[in-house]
4 protein chains.
Amino acid sequence: MQLDITHLALEYENKDPQEILKLALDKFDRISISFSGAEDVILIDMASKIKADFNVFSIDTGRLHPETYQLLDQVREHYGIPLEIVFPESSEVETLVKEKGLFSFYRDGHQECCGIRKVRPLRRKLATLDAWITGQRKDQSPSTRATIPVVQIDAGFSTSNHKIVKFNPLANWSSAQVWQYIVVNKVPYNTLHTKGFISIGCEPCTRTVLPNQHEREARWWWEEAVDKECGFHKANLVRNESGVAR
Amino acid sequence: MQLDITHLALEYENKDPQEILKLALDKFDRISISFSGAEDVILIDMASKIKADFNVFSIDTGRLHPETYQLLDQVREHYGIPLEIVFPESSEVETLVKEKGLFSFYRDGHQECCGIRKVRPLRRKLATLDAWITGQRKDQSPSTRATIPVVQIDAGFSTSNHKIVKFNPLANWSSAQVWQYIVVNKVPYNTLHTKGFISIGCEPCTRTVLPNQHEREARWWWEEAVDKECGFHKANLVRNESGVAR
Amino acid sequence: MQLDITHLALEYENKDPQEILKLALDKFDRISISFSGAEDVILIDMASKIKADFNVFSIDTGRLHPETYQLLDQVREHYGIPLEIVFPESSEVETLVKEKGLFSFYRDGHQECCGIRKVRPLRRKLATLDAWITGQRKDQSPSTRATIPVVQIDAGFSTSNHKIVKFNPLANWSSAQVWQYIVVNKVPYNTLHTKGFISIGCEPCTRTVLPNQHEREARWWWEEAVDKECGFHKANLVRNESGVAR
Amino acid sequence: MQLDITHLALEYENKDPQEILKLALDKFDRISISFSGAEDVILIDMASKIKADFNVFSIDTGRLHPETYQLLDQVREHYGIPLEIVFPESSEVETLVKEKGLFSFYRDGHQECCGIRKVRPLRRKLATLDAWITGQRKDQSPSTRATIPVVQIDAGFSTSNHKIVKFNPLANWSSAQVWQYIVVNKVPYNTLHTKGFISIGCEPCTRTVLPNQHEREARWWWEEAVDKECGFHKANLVRNESGVAR
């Protein structure tokens, strides 16, 4: 398939998430929604109103909150869709823990653990797809997500033989819009959101925030870097480092 | 003392909370800060930087969260100030509970319980004062607090013989400003704020809010009224009903 | 009324709690069950099977757990009985807190706070009764409750003019028997019991216990005394000090 | 190695856990303590007092409580030992979840999930050992563990080519003895034990118990079977079915 992604990104920049999502589901067969168990659940609700049959996957790092596992299953039942889990390789987890224990990320950074529990399983999954759909938003991180387009070639996961397209239908929505959608449409949500959590990742690497604190403060808070980014979206960092996108 | 409160309100409308607070503490001897155990704690921090000796009182309704009692005592120790508690009359509480149980507010509204546990103790306390200082802010309630001045005659608690002046030094501050002050000045705060609570009142009448939900949704949520207001500040409702202030 | 309490205690020593409770309710009109919000709830269940009309009171110290207030009200609704609350005198609470803060018991012992919040309200209530019924059990405290009779003159609260009789229908039951009764009879119970709490008192003065730890370890744990006793039952201590009962 | 296990079981039946543990560590090189993250932590404390160098492994099912992961790492640091984790095969977890979701055990029993997340990883680990050490106790389950010996041929995991010996040093200890050991020796313990948990397994399959409820009620409580047993110790069921051991 030949798509001019740059052109599409401009054409759809001001369109609704639902239109971007419809474009994605229309253009690609081998496409799946990446569902983290947080407020990106609205992508599933939107997709269910576009077509009956769509794919969803979640990376189960083995360290998610109990509440997140509950939401994943609740979504599976509520929308009547199969839940595809991608799980880390046991040998890689075993080797890391034997060498460094279960909380090495607090000492030497989250990249190694994320690499094993999130990035490599994601790469394995993306090798079977031509495009994926994420819940990334510009307002989630002023330093790393402020310029994400609604659709892009995924520079982090494409290879010379296999281009991966990444759709970000919520790129231009604010957190307030997402939550209004959830409440109005009665979308199931993670009960952690009633306990002070905004951003939700792995249990040991997520914390609650104070009122008016930016949600990015809830992730990898022990690390100094301004440009904290999830391994899912490391291309955001590449773009920043190049100085082009900022 | 003869003060032109209307004139002062205009003069101080755009001044910093600290200046308003200093005015209050300068002009009145029989004055006290009303501390609810929530983010109005910054009034105490500000006062402690203006003078060594100031008064603080809290209404202990007998139904506060354990975390709130802990903050009250932490503030007492941190600032080295006596903590004055005003407690409901035992006979009034006993009579209400015998007649209606411990959760009658869910059935017939919060006014009766608030009247006994908050408003009458407050009235008893205010009878000993000429002025009080509150943490009210315009952004706390679009329907009842949008026009509160920085200083006013307290129409709810003044009598024909005894005028009470009410200072609202934080009237024009946003929640974001309050929280920036707390973080920058390392002010002790209620640990409920790390568990999803923004607005904090009595335990059965306070709940957490979802991300981006207005904090007023956290109080008396079972009541339909748009103009929900705390008994402390019922004059806000009077003003609204008159149609003048809105 | 002339009752030979010593004789009754012997006669009923080996009888079921229900028989002791029936005796109490038969012999006295001015009698009430003291309900703490813990597993003594079974006294209410038993009484409801003996007669339709009986009295229950609880001391609301103003520092109970939210879960305990919920149980008190649930019991009120479940059994269709009025809930009588006895509340501390506001001036006494206010004076203690102004002088010593809200957690003075951790520094100088629980007696002063218990005196104000539990014992004096209880004394005020007992002045209107001829007898009361408690959930005390021998197995609750090896050092202070091992010899409590099923009925006794209440040495702690009787005066020269007014004798108070105290019934302890559960004196000889074990914790295991109480819990079997609760489960078999589907009696409502405090949800704190599902969170590791066995003994339940005021929130700041109660904690969970480890598996196999004696429930008395959950109360006033910062005090060294072996003979820790609740102000309700201080006569237990008197007996022990005299060396007679041990 | 030729050991008469039946003879040893009789000889050590009345010996202390420490003596049984020393026997195990003396007789086998390829031996490891199976640590579940619950009160079997005392095996590690005891072993650390016998020799500096011993092996410990834990099955990380990917669904443990956050508190359990914390204890595993705390033990690793406290005793200065490497923590060996055995993790499920990703393809098996992925297939089960895709077909049945994340909570299939509530519908069709815990065996399938336990098979994938616990038993097969355990079998893989035991294939590298000649003996293992467990925290099983007779008092943990009246129906399935009442007759476990202190050492036995592991009928569940031995093959015709490879005999596995299983040591149960705590077989004859009561829960009360275990907890006395923990308290006296200041052994780190799972903080779930302060929240009402006695027996601890996977998060969705473990619950708190009421006071005096048997700890076995906390596991797989939705299943009717009297003979509930963990996949680790399925040989206990085999023995019972044969009618010999009961």
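The notes below deal with the structure included here.

Some words on the overall build of chain A
A count of helical and extended segments in chain A gives nine helices and six strands. By the compact-globule yardstick of 18 Å for 246 residues, chain A fits well, its C-alpha radius of gyration being 17 Å. Along the first, second and third principal axes, the C-alpha set of chain A runs to 45 × 40 × 35 Å. Looking at the 246 residues of chain A, the share that counts as buried comes to 62%.

Overview of the packing of helix 2 (residues 17-27) of chain C against helix 3 (residues 41-48) of chain C
Residues and elements named next belong to chain C. The geometry of helix 2 relative to helix 3 is characterised by a closest axis approach of 10 Å and an angle of 70 degrees between their N-to-C directions. Taken together, the axes of helix 2 and helix 3 lie roughly perpendicular to each other. As helix 2 packs across helix 3, the resulting crossing turns out to be right-handed. On helix 3, the residues that touch Pro 17, Gln 18, Leu 21 and Leu 25 of helix 2 are Leu 43, Met 46 and Ala 47. Among the residues making up the contact of helix 2 with helix 3, the classes are represented as six nonpolar, one polar and no charged.

Some details on the interface of chain D and chain A
Contacts between chain D and chain A engage 31 residues on the former and 31 residues on the latter. Together chain D and chain A conceal approximately 2700 Å² of surface at their shared face, both sides included; 57% is due to carbon and sulfur atoms. Here chain D is connected to chain A by six salt bridges. D:Glu94 is paired through a salt bridge with A:Arg124; the nearest N and O atoms lie 3.2 Å apart. Our enumeration of links across chain D and chain A arrives at 14 residue pairs in polar contact (both at pLDDT 80 or more). Those elements that place two or more of their residues in the side of chain D that touches chain A are helix 4 (66-79), strand 3 (84-86), helix 5 (90-100) and helix 7 (111-126) of chain D. In terms of residue class, the side of chain D that touches chain A is made up of 13 nonpolar, four polar and 14 charged.

Looking at the relation of the copies chain B and chain C
Screw-axis analysis of chain B against chain C gives a translation of 0.0 Å along the axis, an RMSD of 0.0 Å, and a rotation angle of 180 degrees. Classification of the inter-copy transformation places it as that of a two-fold axis. Proximity to the rotation axis, assessed at the C-alpha, singles out B:Gly62 in chain B; its C-alpha lies 2.1 Å from the axis. Comparing interface residues between copies, 100% of those in chain B also lie at the interface in chain C; the contact surface is shared.

Topic: the pattern of salt bridges
Residues and elements named next belong to chain B. Under the criterion given, the structure shown has 64 salt bridges over all chains. Note that Asp 139 is salt-bridged to Arg 137, the shortest N-O span being 2.9 Å. Using a relative accessible area of 0% as the deciding quantity, one classes Arg 137 as buried.

Looking at the interface of chain B and chain C
Contacts between chain B and chain C engage 31 residues on the former and 31 residues on the latter. Between chain B and chain C, the buried area comes to about 2700 Å², and carbon and sulfur atoms account for 58% of it. The interface formed by chain B and chain C contains six salt bridges. Close ionic contact of C:Arg107 with B:Glu77 constitutes a salt bridge, the shortest N to O distance being 3.9 Å. Between the two partners, chain B and chain C, sit 14 residue pairs in polar contact (both at pLDDT 80 or more).

Re the sheet that holds strand 6 (residues 165-167) of chain D
Residues and elements named next belong to chain D. Spatially, six strands are ordered 3-2-1-4-6-5 in an open sheet, and the strand pairing comes out mixed. Across the chains shown, the open sheet's two edge strands, defined by having one partner strand only, are strand 3 and strand 5 (151-153). On average, each strand axis in the sheet is inclined to that of its neighbour by 30 degrees, with strand direction left out of account. Relative to strand 4 (residues 131-133), strand 1 (residues 31-34) runs parallel, the two sharing three bridges. Pairing of Ser 32 across the sheet is with Trp 132, part of strand 4. Sheet strands in contact with helix 7 are strand 2 (56-59), strand 3 and strand 4, and its direction is about 155 degrees off that of strand 2.

Some remarks on the relation of the copies chain D and chain A
Its rotation angle being 180 degrees, the transformation that places chain D on chain A also includes 0.0 Å of axial translation and leaves an RMSD of 0.0 Å. Both copies share a contact surface, since 100% of the interface residues of chain D are interface residues in chain A too.

Remarks on the pairing of strand 1 (residues 31-34) of chain C
Residues and elements named next belong to chain C. The side-chain alternation of strand 1 yields two buried faces, one formed by Ile 31 and Ile 33 and the other by Ser 32 and Ser 34. Taken together, the two bridges between strand 1 and strand 2 (residues 56-59) define a ladder with parallel strand orientation. Counterpart to Ile 33 in the pairing with strand 2 is Val 56. Remark: the strand 1/helix 3/strand 2 crossover connection has right-handed handedness.

Let's talk about the side chain of D:Thr68
Residues and elements named next belong to chain D. With respect to the secondary-structure elements, Thr 68 resides in helix 4. Assessed through its relative accessible area of 0%, Thr 68 is described here as buried. Within the local environment of Thr 68, its side chain forms a polar contact with the side chain of Asn 190, the two groups lying 3.1 Å apart. Not counting residues up to four positions away in its chain, the partners in contact with Thr 68 are Ser 36, Gly 37, Asn 190, Leu 192 and Ile 200.

Examining the packing of aromatic side chains
Residues and elements named next belong to chain B. Tallying each qualifying case throughout the model produces 50 aromatic pairs over all chains. Measuring from ring centre to ring centre gives 4.6 Å for Tyr 106 and Trp 222, while their planes differ by 90 degrees; the resulting arrangement is edge-to-face. Taken together, the residues span a long stretch of sequence, with Tyr 106 in helix 6 (residues 105-108) and Trp 222 in the loop between helix 8 (175-184) and helix 9 (235-242) at a distance of 116 residues. Given a relative accessible area of 35%, Tyr 106 falls into the partly exposed group.

Focus: the arrangement of the chains
Without any contact between them, chain A and chain C keep their closest C-alpha atoms 17 Å apart. Chain B shows no contact with chain D. Their nearest C-alpha atoms sit 17 Å apart.

Overview of the environment of D:Gln177
All names here are of chain D. Along the polypeptide, Gln 177 turns up in helix 8 (residues 175-184). According to the relative accessible area criterion, Gln 177 is partly exposed, its value standing at 33%. In this structure, the C-alpha to C-alpha distance between Gln 177 and Phe 103, residues 74 residues apart in sequence, is 35 Å.

Considerations on the sheet that holds strand 4 (residues 131-133) of chain C
Residue and element names in this part refer to chain C. Strand order in the open sheet formed by six strands is 3-2-1-4-6-5, with mixed pairing between adjacent strands. The open sheet terminates on both sides in strands that have one partner only, identified here as strand 3 (84-86) and strand 5 (151-153). Strand-to-strand twist of the sheet, defined as the mean angle between neighbouring strand axes without regard to direction, takes the value 30 degrees.

Describing helix 3 of chain C
Residues and elements named next belong to chain C. By the criterion of burial, helix 3 is predominantly enclosed, with seven of the eight residues buried. Where helix 3 is concerned, the buried positions are Val 41, Ile 42, Leu 43, Ile 44, Asp 45, Met 46 and Ala 47. In this structure, the buried residues of helix 3 make contact with helix 2, strand 1, strand 2, helix 4 (66-79), strand 4 and helix 8 (175-184).

Topic: unusual backbone geometry
Only a minority of non-glycine residues have a phi that is not negative, and only a minority of peptide bonds are not trans. Residue and element names in this part refer to chain D. The backbone of Lys 186 sits at a positive phi, close to 50 degrees, despite the residue not being glycine. Within the element layout of this structure, Lys 186 appears in the loop between helix 8 and helix 9 (235-242). Looking at Lys 186, the relative accessible area reads 69%, which means it is exposed. Positioned with a positive phi, Asn 212 is a non-glycine residue whose angle comes to about 70 degrees. With respect to the helices and strands, Asn 212 occurs in the loop between helix 8 and helix 9. For Asn 212, a relative accessible area of 48% puts it in the partly exposed group.

Focus on the state of the cysteines
For the coordinates displayed, the defined rule picks out zero disulfides over all chains. No disulfide involves C:Cys202; its sulfur sits 6.0 Å from that of C:Cys205, the nearest cysteine.

Describing the packing of helix 3 (residues 41-48) of chain A against helix 8 (residues 175-184) of chain A
Residue and element names in this part refer to chain A. One way to put it is that helix 3 packs onto helix 8 with a least axis distance of 10 Å and a crossing angle of 55 degrees. The angle between the axes of helix 3 and helix 8 places the two elements in the oblique class. Classified by chirality, the crossing of helix 8 by helix 3 is left-handed. Each of Ile 42, Asp 45 and Met 46 in helix 3 lies in contact with helix 8, whose residues at this interface are Val 178, Tyr 181 and Ile 182. Residue composition of the contact of helix 3 with helix 8, by class: five nonpolar, no polar and one charged.

Reading the values: rules and limits
Residues numbered from 1 in each chain as written. Chains lettered and ligands numbered in written order. Predicted model: local features only at pLDDT ≥ 70, side-chain atom pairs only at ≥ 80, totals over all residues. Heavy atoms only, no water. Helix = DSSP H or I, 4+ residues; strand = E, 2+ residues; numbered from the N terminus. Rg over C-alpha atoms; globule rule 2.2 N^0.38 Å. Buried < 20%, exposed > 50% of the residue type's maximum accessible area, 1.4 Å probe, protein only. Axes fitted to C-alpha atoms, helices over the stretch in contact; angles between N-to-C directions. Parallel < 35°, antiparallel > 145°, perpendicular 65-115°, else oblique. Left-handed = near helix turned anticlockwise from the far one by under 90°. Contact = heavy atoms within 4.5 Å. Nonpolar A, V, L, I, M, F, W, Y, C, P; charged D, E, K, R; others polar. Buried area = accessible area lost by both parts, 1.4 Å probe. Salt bridge = Lys/Arg side-chain N within 4 Å of Asp/Glu carboxyl O. Polar contact = N/O pair within 3.5 Å; in protein donor to acceptor, adjacent residues only side chain to side chain. Least-squares fit on C-alpha atoms with pLDDT ≥ 70 in both. Pairing = 2+ DSSP bridges. Right-handed = clockwise from strand over helix to strand, strands pointing away. Phe/Tyr/Trp six-rings, centres within 6.5 Å; stacked < 30°, edge-to-face > 60°. Disulfide = S-S within 2.5 Å.

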